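Report on the structure
What follows is the residue order along each chain.
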Amino acid sequence: MLSMDSGKIRFVLSYREWDLGCIFQDLETGKCKIHDYNPLVCQLYPFMVSHKPLGIEGEEAFEYRGEKLWLYYDESCPGVGEGEEIINMKEIAALGVKFKEELDKTDLEGFNSLL
Ligand code: SF4
């Protein structure tokens, strides 16, 4: 969760204590209770965008708006490779760039103190 403090985005961590699950997941339906808001990190999952290679065999840079990016995905996500394509590499790159812009505006010192 986020809040604003002195112009910096501030993280406020909240999770279900018994399973470390997300507090926004409806326990009865399993669905997201804030789907209309759809947090950026949730839009991006199961993908990850890096501005430098992670050193994984076969990785290749993806050129996006003159910038080299490396796109990865969580192999444990059961939806990867299933059904029709719902997001393409350009859209993943755009989300990753937006995520980094938000991260750059974030009070990471405050965030790290919560961990
Ligand atoms: S989509 Fe994101 S906010 Fe919604 S339940 Fe899942 S982790 Fe939580």
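Every value quoted in this text rests on a predicted model; they were computed, and no experiment measured them.

1. Digging into the overall build of the chain
- Helix and strand content of the chain: three helices and five strands.
- Relative to its full complement of 115 residues, the chain shows a buried share of 4%.
- The long-range share in the chain, meaning contacts at least 24 apart out of those at least 6 apart in sequence, stands at 52%.

2. Side note on the site of the ligand
- Residues in close proximity to the ligand include C22, F24, Q25, C32, I34, P39 and C42, which together make up its full environment.
- Classifying every residue of the shell around the ligand by side-chain character gives six nonpolar, one polar and no charged.

3. Quick notes on unusual backbone geometry
- Of note, the bond from Y45 into P46 is cis; its omega dihedral lies within 30 degrees of zero at 15°.
- Residue placement: P46 occurs in the loop between α1 (40-44) and β3 (47-50).
- One non-glycine residue, R65, lies in the positive phi region at around 50°.
- Within the secondary structure, R65 is located in the loop between β4 (62-64) and β5 (67-73).

4. Topic: the sheet that holds β5
- Strand order in the open sheet made by the three strands is β3-β5-β4, with antiparallel pairing throughout. Strand pairing shows two members of the sheet lacking a second neighbour, β3 and β4, which therefore form its edges. Ignoring which end each strand starts from, the neighbouring axes of this sheet average 40° apart.

5. A look at the pairing of β5
- Judged from the four bridges that link them, β3 and β5 form a sheet pairing that is antiparallel. Looking at the pairing, V49 lines up with L71 of β5.
- Where β4 lies against β5, three bridges are found, and the strand directions are antiparallel. In the sheet register, F62 faces β5, and the bridge partner there is L69.
- Between β4 and β5, which follow one another and run antiparallel, lie two residues, and R65 among them has a positive phi close to 50°.

6. Let's talk about helix α2 (residues 89-104)
- Between its first and last C-alpha, α2 extends 22 Å over 16 residues, near the 22 Å set by a 1.5 Å rise per residue.
- Three or more residues of α2 are buried, namely I92, A93 and G96. Down the axis of α2, the smallest arc covering the buried residues is 100°, so these residues share one side. The outward face of α2, more than 90 degrees from its buried face, is lined by the exposed residues K90, E91, E101 and E102.
- Buried residues along α2 sit in contact with α1, β3, β4 and β5.

Rules and cut-offs
- Residues numbered from 1 in each chain as written.
- Predicted model: local features only at pLDDT ≥ 70, side-chain atom pairs only at ≥ 80, totals over all residues.
- Helix = DSSP H or I, 4+ residues; strand = E, 2+ residues; numbered from the N terminus.
- Buried ≥ 20, exposed ≤ 12 C-beta atoms within 10 Å, placed from the backbone.
- Contact = placed C-beta atoms within 7 Å.
- Near = placed C-beta within 6 Å.
- Nonpolar A, V, L, I, M, F, W, Y, C, P; charged D, E, K, R; others polar.
- Pairing = 2+ DSSP bridges.
- Axes fitted to C-alpha atoms, helices over the stretch in contact; angles between N-to-C directions.
- Expected span 1.5 Å × (residues − 1).
- Arc of directions from axis to C-beta.

None of the figures reported here should be taken as evidence of function without further support.
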